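Listed below are the residues making up each chain.
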Amino acid sequence: MRDGTDTVNDTERLQDKLAKLSSAKENIGAGGREISARDKSGFLLAILNEIDETVMARLLVFRNDAGNTVELEVVNRRLLRVAGSSTQAMPDTTLPGQVFSEANGLLATSLSEVLEKFLTESEQVFVQAKRLEQAPDPTIIGCACKILAQAWSLNLYPSHGCAAADLIEKFIATCADIASAWVQIENGNVEHTGGAEKQVKRLVEIVDETLVEFDAGLNKHLLGSKVTRCVTLGPQGETGDVVLYAKSMTSGAVMVLPDAHLTDVIAKWRSLQA
């Protein structure tokens, strides 16, 4: 039986998905839609999220930049079986076709080994969703993503507050060599700062004097704006710099950076959320 916490988590995940869809410009080509992550654990989580967001019966085909593939049969947000893969990425020939269940931890371990090899030295991973040639047996339940995540020591559904703060910290770190000043915010209060003292002082004034009103305006007019956003607040004098505001839940950052780098910085923000 699902409790109230499950319902809240599903609602929050749906809000996050809507926010991403409303803001992201996904790279979709002949090889499928690109999924982004910072490291191997991030890609494993991204693969689990693809499964977790698939309700209809589908064959999810994951392809890396070396041309290797892993094909997963998925329905109702559960993994049914590994349909197949390229020989380079599938050393275990006994895995394809076996039905996954939450009680069979050996299959989860085998799949983890396959994906580890698949993701080794991969900088890009693409995914395509195709209809299954045959409807799945309704008596086969499959394996929930959270069970796979537990077997792989991954946190599929992190606390939104912790995840939001972590996202902001990582975003600031990725912009450290670009931003001339920045402030990190938590629950409306400045927690950490960095960069030129005069610019930091101005950013603190923005947070204290105008950010609450600005947030309220965006919350009123933009879909999903309470969850995540990355927008410019305006130019910083006549220096060719802009003031950028990023927010996720109760965590945020305001920074000064060159206008010429704005497109790249927004791309970094989207990549970190993938």
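Computed from a predicted model, the values in this text were never measured in an experiment.

## Quick look at the pattern of salt bridges
Counted by the stated rule, this structure contains 9 salt bridges. Ionic pairing is found between Glu50 and Arg33, a salt bridge with its closest N-O pair at 2.9 Å. Of this pair, Glu50 sits in helix H2 (residues 40–52) while Arg33 sits in strand S2 (residues 32–35), and the two are 17 residues apart along the sequence. For Glu116, the salt bridge identified is with Lys40, shortest N-O distance 3.4 Å. Taken as a pair, Glu116 in helix H3 (residues 105–119) and Lys40 in helix H2 lie far apart in primary sequence, 76 residues in all. For Lys40, a relative accessible area of 31% gives the class partly exposed.

## What to know about the confidence of the model for the protein chain
Taken as a whole, the protein chain shows an average pLDDT of 81; of its residues, 80% reach a score of 70 or greater. For the stretch residues 18–26, pLDDT sits under 50, and the model shows 9 contacts to residues farther than four places along the chain or on other chains.

## Description of helix H8 (residues 262–273)
With 12 residues, H8 extends 17 Å between its outermost C-alpha atoms, agreeing within 8% with the 16 Å of an ideal straight helix rising 1.5 Å per residue. Burial in H8 covers these residues: Leu262, Val265, Trp269, Leu272 and Gln273. Angular distribution of buried residues about the axis of H8 spans 105 degrees; they occupy a single face of the element.

## Structural notes on unusual backbone geometry
Even without being a glycine, Asn187 presents a positive backbone phi close to 55 degrees. Mapped onto the fold, Asn187 is located in the loop between strand S8 (181–186) and strand S9 (189–195). Here Met249, not a glycine, exhibits a phi torsion of approximately 55 degrees, which is positive. With respect to the helices, strands and loops of the structure, Met249 is situated in the loop between strand S11 (241–248) and strand S12 (251–258).

The rules behind the values
Residues numbered from 1 in each chain as written. Predicted model: local features only at pLDDT ≥ 70, side-chain atom pairs only at ≥ 80, totals over all residues. Heavy atoms only, no water. Salt bridge = Lys/Arg side-chain N within 4 Å of Asp/Glu carboxyl O. Helix = DSSP H or I, 4+ residues; strand = E, 2+ residues; numbered from the N terminus. Buried < 20%, exposed > 50% of the residue type's maximum accessible area, 1.4 Å probe, protein only. pLDDT = per-residue confidence, 0-100. Contact = heavy atoms within 4.5 Å. Expected span 1.5 Å × (residues − 1). Arc of directions from axis to C-beta.

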